[in-house]
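# Structural description and commentary
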Amino acid sequence: MGKGDDTREAILEQATGLASQVGLHGLTIGSLAAQSRLSKSGLFAHFRSKEGLQLEILRMAGARMVDTVVKPALATPRGEPRVRALFERWLAWEQSPSLPGGCPFMAASFELDDRPGPVRDFVVQNLRDWMDTLAGAARIAVQEGHFRVDLDCEQFAHDCQGIGLAFVHASRLMRDPKARARAASAFDALVRAARAPSFMGALPPALTAAAGGRRR
């Protein structure tokens, strides 16, 4: 990686953190130039336009999410443990210190819902990929005998996403100190409802501990 690539990477690091706080449209070339101590013309040389900068921010955030959430979760055992790892790692990602305003895709999904264009299209595709990942993990849990055979895996992914959105509202907007615990409780209830009857009495020790006290 050359000096120009290093500079570009450093700019995107700053831009991603700033965008998580002020939004993609709230991020201006001027504010980023001031923070990165570069000229506006220097920034334009790297990204050509504000839209180009927004897309690069989202590409970086998407790659980081894959490295931080998806890849480590896919390395866990197949079935319910993998489903749990995806959800729990996403909660940790949303609260990452490197993202002071939370997951950029969550913020962008509200900011861009009625703003057609390449940036919105990128956000939509990323969220579809995430939902597909959740649904795919649920289907594997069905194959492993952890989840019931009649489970609607797309609905399961949809409900996981709903819990995630509620968590963002509770933690970011409402400042609810119980936001994380409530999200975990809602997710546990969703997983319990998805479990195969034959699996209920054969949970691994770690999962038994995670579900303990909530199955009464």
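Residues numbered from 1 in each chain as written. Predicted model: local features only at pLDDT ≥ 70, side-chain atom pairs only at ≥ 80, totals over all residues. Heavy atoms only, no water.

## A look at the overall build of the chain
Per the secondary structure count, the chain includes eleven helices and zero strands. Overall, the chain shows an N-to-C arrangement of helices and strands of α-α-α-α-α-α-α-α-α-α-α. Burial status across the chain gives 42% buried among its 216 residues. Across the chain, contacts joining residues at least 24 apart in sequence account for 66% of those joining residues at least 6 apart. Counting every atom, the chain has about 11000 Å² of accessible surface; 55% of that belongs to carbon and sulfur. (Helix = DSSP H or I, 4+ residues; strand = E, 2+ residues; numbered from the N terminus. Buried < 20%, exposed > 50% of the residue type's maximum accessible area, 1.4 Å probe, protein only. Contact = heavy atoms within 4.5 Å. Areas by Shrake-Rupley, 256 points an atom, 1.4 Å probe, with all protein chains shown as cover.)

## Concerning the pattern of salt bridges
In total, this model carries 13 salt bridges according to the counting rule given. Between Arg8 and Glu56 there is a salt bridge, and its shortest N-O distance comes to 3.4 Å. Taken together, the residues Arg8 in helix 1 (residues 3-22) and Glu56 in helix 4 (residues 50-74) connect sequence positions 48 residues apart. For Glu56, a relative accessible area of 19% corresponds to the buried category. Salt-bridge contacts for Glu56 lead to Arg59; the nearest nitrogen and oxygen are separated by 2.7 Å. Separated by three residues within a single helix, Glu56 and Arg59 lie in helix 4, roughly one turn from each other. (Salt bridge = Lys/Arg side-chain N within 4 Å of Asp/Glu carboxyl O.)

## Examining helix 9 (residues 179-194)
For helix 9, which comprises 16 residues, the first-to-last C-alpha distance of 23 Å matches the rise-based estimate of 22 Å (1.5 Å per residue) to within 8%. Here helix 9 has its buried residues at Ala179, Ala183, Phe187, Asp188, Leu190, Val191 and Ala194. Down the axis of helix 9, the sector holding all buried residues measures 165°, keeping them to one side. (Expected span 1.5 Å × (residues − 1). Arc of directions from axis to C-beta.)

## Examining the nonpolar core
Counting 60 residues, the largest nonpolar core has Leu53, Trp90, Phe147 and Phe156 as its most contacted members. Counting residues per element, this core draws most heavily on helix 4, which supplies ten residues. (Core = buried A, V, L, I, M, F, W, Y, C linked by side-chain atoms within 4.5 Å.)

## Re the packing of aromatic side chains
All chains considered together, the criterion is met by two aromatic pairs. For the ring pair Phe87 and Phe187, a centre distance of 4.2 Å and an interplane angle of 0° mean the geometry is stacked. Of the two residues, Phe87 sits in helix 5 (residues 80-94) while Phe187 sits in helix 9, which places them 100 residues apart along the sequence. Of the two residues, Phe87 and Phe187, both sit in the buried class. Judged by centre distance (5.4 Å) and plane angle (55°), the ring pair of Phe147 and Phe156 falls under tilted. According to the relative accessible area criterion, Phe147 is buried, its value standing at 1%. (Phe/Tyr/Trp six-rings, centres within 6.5 Å; stacked < 30°, edge-to-face > 60°.)

## Focus on the packing of helix 5 against helix 7 (residues 118-143)
Interhelical geometry of helix 5 versus helix 7 gives an angle of 155° and a closest axis separation of 7 Å. With respect to each other, helix 5 and helix 7 are oriented roughly antiparallel. Between helix 5 and helix 7, the contacting residues are Glu80, Arg82, Val83, Leu86 and Trp90 on the first element and Trp130, Thr133, Leu134, Ala137, Ala138, Ile140 and Ala141 on the second. The residue inventory of the contact of helix 5 with helix 7, partitioned by class, reads nine nonpolar, one polar and two charged. (Axes fitted to C-alpha atoms, helices over the stretch in contact; angles between N-to-C directions. Parallel < 35°, antiparallel > 145°, perpendicular 65-115°, else oblique. Nonpolar A, V, L, I, M, F, W, Y, C, P; charged D, E, K, R; others polar.)

## A few points about the confidence of the model for the chain
When the pLDDT values of the chain are averaged, the result is 87; 90% of them are 70 or greater. Low pLDDT (under 50) marks residues 210-216, which in the prediction has eleven contacts with non-local residues, meaning those over four places away or in another chain. (pLDDT = per-residue confidence, 0-100.)

## Re the environment of Arg192
With respect to the helices and strands, Arg192 occurs in helix 9. On the accessibility criterion, Arg192 (24% relative accessible area) is partly exposed. Separated by 45 residues in the primary sequence, Arg192 and Phe147 have C-alpha atoms spaced 8.9 Å apart.

## Focus on the side chain of His146
Its location among the elements puts His146 in the loop between helix 7 and helix 8 (153-173). Exposure remark for His146: the relative accessible area of 13% places this residue in the buried category. A polar atom in the side chain of His146 sits 3.0 Å from the backbone nitrogen of Glu80. In this view, His146 contacts Arg78, Gly79, Glu80, Pro81, Ala141, Ala194, Arg195, Ala196 and Phe199; residues no more than four positions away in its chain are not counted. (Polar contact = N/O pair within 3.5 Å; in protein donor to acceptor, adjacent residues only side chain to side chain.)

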